[in-house]
Amino acid sequence: MEFKLVKIGNQIWMADNLDVDTYRNGDPIPEVTDTDEWDRLTTGAWCYYNNDPENGKLYGKLYNWYALVDPRGLAPEGFRIAGDDDWKLLLQTVGGHLNAGAILKSTELWKAPNEGATNEAGFNAKPGGLCDDDCSFMDRGSIGYWWTPAEEGKKLAWSYIMEYDNAHVNRSYYEKKDGLSVRCLKA
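Residues numbered from 1 in each chain as written. Predicted model: local features only at pLDDT ≥ 70, side-chain atom pairs only at ≥ 80, totals over all residues. Heavy atoms only, no water.

A.B. asks: I would appreciate a short explanation of the pattern of salt bridges in the present structure.
C.D. replies: Pairing of side chains with opposite charge becomes possible as their charged atoms draw close. Applying the stated criterion to the full structure yields 10 salt bridges. Here Arg 80 makes a salt bridge to Asp 86, at a shortest N to O gap of 2.5 Å. Residue Arg 80 is classed as partly exposed on the basis of its relative accessible area of 35%. Between Arg 171 and Asp 84 there is a salt bridge, with its nearest N and O atoms 2.9 Å apart. Pair noted here: Arg 171 is in strand E10 (residues 169-175) and Asp 84 is in helix H4 (residues 84-93), with a separation of 87 residues, a long-range link. Here the salt bridges share partners, and the residues they tie into one network are Lys 4, Asp 16 and Lys 126. (Salt bridge = Lys/Arg side-chain N within 4 Å of Asp/Glu carboxyl O. Buried < 20%, exposed > 50% of the residue type's maximum accessible area, 1.4 Å probe, protein only. Helix = DSSP H or I, 4+ residues; strand = E, 2+ residues; numbered from the N terminus.)

A.B. asks: Just checking my understanding: could you explain the environment of Asn 124 for this structure?
C.D. replies: Here Asn 124 lies in the loop between helix H5 (100-104) and strand E6 (130-131). Given the relative accessible area of 12%, Asn 124 is considered buried. As a C-alpha pair, Asn 124 and Asp 16 span 108 residues in sequence and 6.3 Å in three-dimensional space. The residues touching Asn 124, leaving out its near neighbours within four places in the chain, are Lys 4, Ala 15, Asp 16, Leu 104, Ser 106, Asn 119 and Arg 183. (Contact = heavy atoms within 4.5 Å.)

Now the structure itself:
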């Protein structure tokens with residue numbers, strides 16, 4: 001499988017959100033569309049925003065945190081999931097979290113005003129929204145959420161978010177059952 005890549009500083013990132021349905025070892029990652037089933041999960045799964053494959057073509061898949069840390073490997077061969085330190089270095093490289101969103105956000109698919117977006121770095125961040133722990137979909141077009149493997153207690157894990165109405169990139173935590181986008185970089 002070929003991936004579009006972009007070099008930012010000394011890092012080589014995928015230039016799109018992850019869109020795989022198998023672990024690195026070839027085992028399938030279950031697609032879960034049932035809200036009750038999604039809420040009970042403690043193992044890896046993915047879904048399309050609104051369970052619509054057309055959204056996957058634009059934004060990639062939304063994965064729960066359990067898929068991210070599964071020992072079979074969510075990142076394709078030769079890549080790794082972007083961790084907290086990777087995101088921090090990326091933000092430092094593009095001038096800090098207060099203006100990084102402008103340089104990283106795609107100029108397409110974001111709700112207006114898509115504050116400051118130039119995609120100057122070629123990162124192509126897209127607002128894939130999220131699937132929350134009861135599989136309610138929200139924020140497509142206005143917010144992009146990207147997991148990191150870093151935990152914040154038993155139920156929560158860290159992610160990075162970008163919003164349509166500012167140029168910031170912020171760090172926050174979400175429930176591990178939520179479905180968020182994932183970015184990888186060369187290992």
